[in-house]
Amino acid sequence: MGHEKDAFPSRTAPTNLLALDEEGMGRFVQQFGWPRYRAGQILRWLYQRRAKDINQMTDLGQAERTALASLATIPRAAGCTVFRSIDHTRKLVLMLNDGLTVETVLIPDEDRLTLCVSTQVGCTLDCGFCLTGTMGLKRNLKPHEVMEQVLTAHDRLDPGERITNLVFMGMGEPLANMETLSEAIRRLTNKPWGLGWSPRRITVSTAGLAARLKDIAPLGVNLAISLNATTDAQRASLMPAVNGIASLKTLLAACRRYPLPPTRRLTFEYVLLAGVNDHVDDARRLTKLVRGIACKINLIPFNEFPGSPFLRPSKSDISAFQAIVRQAGLDVFVRKSRGRDVLGACGQLGNLSPEYVERALTQIESRC
Ligand code: SF4
């Protein structure tokens with residue numbers, strides 16, 4: 001890729017260092033006549049030390065820092081508002097440089113701290129149970145805007161906290177923005193200068209773009225598929241856009257072909273909607289659909305948001321559904337809902353009016 005479109009050095013706009021990938025950074029340092037290893041030094045400052053100012057790069061001489069600062073900047077998000085849930089989930093709303101906002105969520109759970117990041121502002125898909133889907137697609141995020149979510153979340157960790165897992169499960173369909181997704185994963189997993197994460201700590205979740213599943217395998221990350229229905233009619237009513245692109249049969253065939261390493265499993269996510277897809281028959285059909293696929297199933301009781309037509313099932317209905325799936329020999333878990341009071345739970349990310357947000361949210365932790 002080399003660089004993102006807005007990374008071109010020009011007479012008027014300084015180069016955004018975060019918008020350069022490794023190759024682009026290599027070419028950028030060449031114009032100063034510097035050796036190639038300078039690129040690695042700068043990248044380490046950006047990702048491993050989260051530098052916000054070129055002057056922090058103290059392994060570059062003063063003259064080099066001045067030269068770099070004359071052509072480049074490290075523009076981080078224009079603003080960030082943090083909402084803290086009573087369960088300590090934190091929703092970060094980042095203001096992008098064009099005024100759009102994107103959301104990312106830090107989710108603590110026992111010894112894990114998961115970061116849920118977004119890949120698009122809004123979404124082209126229109127899953128009926130998802131607030132983001134009601135926004136339509138504003139635009140794809142660029143790799144540096146995905147990394148901005150990660151870096152800002154790191155900056156905001158409480159003392160002693162460490163992000164243990166990262167899920168591409170925020171706003172947007174990650175597989176509809178593959179170039180950005182791949183480059184962000186490269187920066188997250190690169191050991192010499194990136195964050196050095198194991199790909200096993202990263203999960204990409206798709207609504208079911210079957211033809212693109214194969215592009216995830218080479219990235220080495222975990223793959224989750226948002227299933228949510230057990231018949232095409234049901235899926236077409238809940239997820240019309242994606243079911244129009246790939247039917248259940250096509251999607252499950254792509255899952256069966258997916259080249260899973262021996263010790264890995266796919267994850268199927270299933271949002272439970274009261275009276276819609278939480279019947280005994282749904283549970284039975286679900287077990288048949290995934291038969292023969294190395295997988296686990298995450299049940300996600302619906303998280304309500306203003307204006308949504310769906311309701312969350314009762315605890316007993318959730319348990320009954322889980323029991324049927326478990327009896328079929330499948331590993332099935334009920335996802336704990338975190339951050340519902342700050343609209344940070346699954347399916348609750350999206351642009352509500354500022355007035356609504358001010359009214360509804362329990363606690364604004366900070367603004368910057
Ligand atoms: S569930 Fe995911 S794919 Fe569906 S509308 Fe929401 S963000 Fe888009």
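Rules and cut-offs
- Residues numbered from 1 in each chain as written.
- Predicted model: local features only at pLDDT ≥ 70, side-chain atom pairs only at ≥ 80, totals over all residues.
- Helix = DSSP H or I, 4+ residues; strand = E, 2+ residues; numbered from the N terminus.
- Buried ≥ 20, exposed ≤ 12 C-beta atoms within 10 Å, placed from the backbone.
- Pairing = 2+ DSSP bridges.
- Right-handed = clockwise from strand over helix to strand, strands pointing away.
- Near = placed C-beta within 6 Å.
- Nonpolar A, V, L, I, M, F, W, Y, C, P; charged D, E, K, R; others polar.
- Axes fitted to C-alpha atoms, helices over the stretch in contact; angles between N-to-C directions.
- Parallel < 35°, antiparallel > 145°, perpendicular 65-115°, else oblique.
- Left-handed = near helix turned anticlockwise from the far one by under 90°.
- Contact = placed C-beta atoms within 7 Å.
- Core = buried A, V, L, I, M, F, W, Y, C linked by C-beta atoms within 7 Å.
- Domains from an automatic or database assignment.
- Arc of directions from axis to C-beta.

**Quick word on the environment of aspartate 281**
Structurally, aspartate 281 can be placed in helix H9 (residues 280–289). The class of aspartate 281 is exposed, set by 11 C-beta atoms lying within 10 Å. For the pair aspartate 281 and phenylalanine 321, spaced 40 residues apart in sequence, the C-alpha to C-alpha distance is 9.3 Å.

**Brief notes about the pairing of strand S12 (residues 266–272)**
Two elements, strand S11 (residues 222–226) and S12, share three bridges in a ladder whose sense is parallel. Bridging across to S12, serine 226 finds its partner in glutamate 269. Examined bridge by bridge, S12 and strand S13 (residues 295–301) share seven bridges and lie parallel to one another. Residue pairing in the sheet places leucine 272 in a bridge with proline 301 of S13. On the question of chirality, the crossover connecting S12 to the parallel S13 by way of H9 is right-handed.

**Here we look at the site of the ligand**
Around the ligand lies a shell formed by Cys123, Leu125, Asp126, Cys127, Cys130, Thr132, Gly133, Met171, Gly172, Glu173 and Ala207. Taken together, the residues of the shell around the ligand sort by class into six nonpolar, three polar and two charged.

**Comments concerning the packing of H9 against helix H10 (residues 315–327)**
Two numbers describe how H9 lies on H10: the axes approach to 9 Å, and their chain directions differ by 30 degrees. By the angle between their directions, the pair H9 and H10 is classed as roughly parallel. As for the relative orientation of H9 and H10, their crossing is right-handed in sense. Side by side, H9 and H10 meet where Val280, Ala283, Arg284, Leu286 and Thr287 of the first sit next to Phe321, Ile324 and Val325 of the second. When grouped by side-chain class, the residues that make up the contact of H9 with H10 number six nonpolar, one polar and one charged.

**A look at the nonpolar core**
With 96 residues, the main nonpolar core has Ile42, Leu46, Phe129, Tyr270 and Leu272 as its most contacted residues. A per-element tally of this core places helix H2 (residues 37–47) first, with six residues. Split by domain, the residues of this core number at least three in each of domain 1 (5–73) and domain 2 (79–367).

**Re the environment of leucine 209**
Among the structural elements, leucine 209 can be located in the loop between strand S10 (202–206) and S11. Expressed as a C-alpha distance, the spacing of leucine 209 and glutamate 173, which sit 36 residues apart in the sequence, is 8.8 Å.

**Here we look at the environment of isoleucine 185**
Structurally, isoleucine 185 can be placed in helix H5 (residues 178–189). Residue classification places isoleucine 185 among the buried residues on the basis of 24 C-beta atoms within 10 Å. Here the alpha-carbon distance between isoleucine 185 and tryptophan 197, two residues twelve residues apart in the chain, equals 9.1 Å. In contact with isoleucine 185, not counting residues within four places along its chain, are Ile202, Leu219 and Val221.

**Here we look at helix H8 (residues 248–257)**
Along H8, the residues that are buried comprise Leu248, Leu251, Leu252 and Cys255. Along the long axis of H8, the arc covered by the buried residues comes to 90 degrees, so they all point the same way. Turned more than 90 degrees off the buried face of H8, the exposed positions are Lys249 and Arg257. Where the residues of H8 are buried, they touch S11, helix H6 (232–238), S12 and H9.

**Some remarks on the packing of helix H4 (residues 143–155) against H5**
Running from amino to carboxyl end, H4 crosses H5 at an angle of 45 degrees, the nearest separation of the two axes being 8 Å. One element, H4, and the other, H5, form an angle in the oblique class. Considering how the two elements wind past one another, H4 and H5 form a crossing that is right-handed. Judged by residue contacts, Pro143, Val146, Met147 and Val150 of H4 engage Thr180, Glu183, Ala184, Arg187 and Leu188 from H5.

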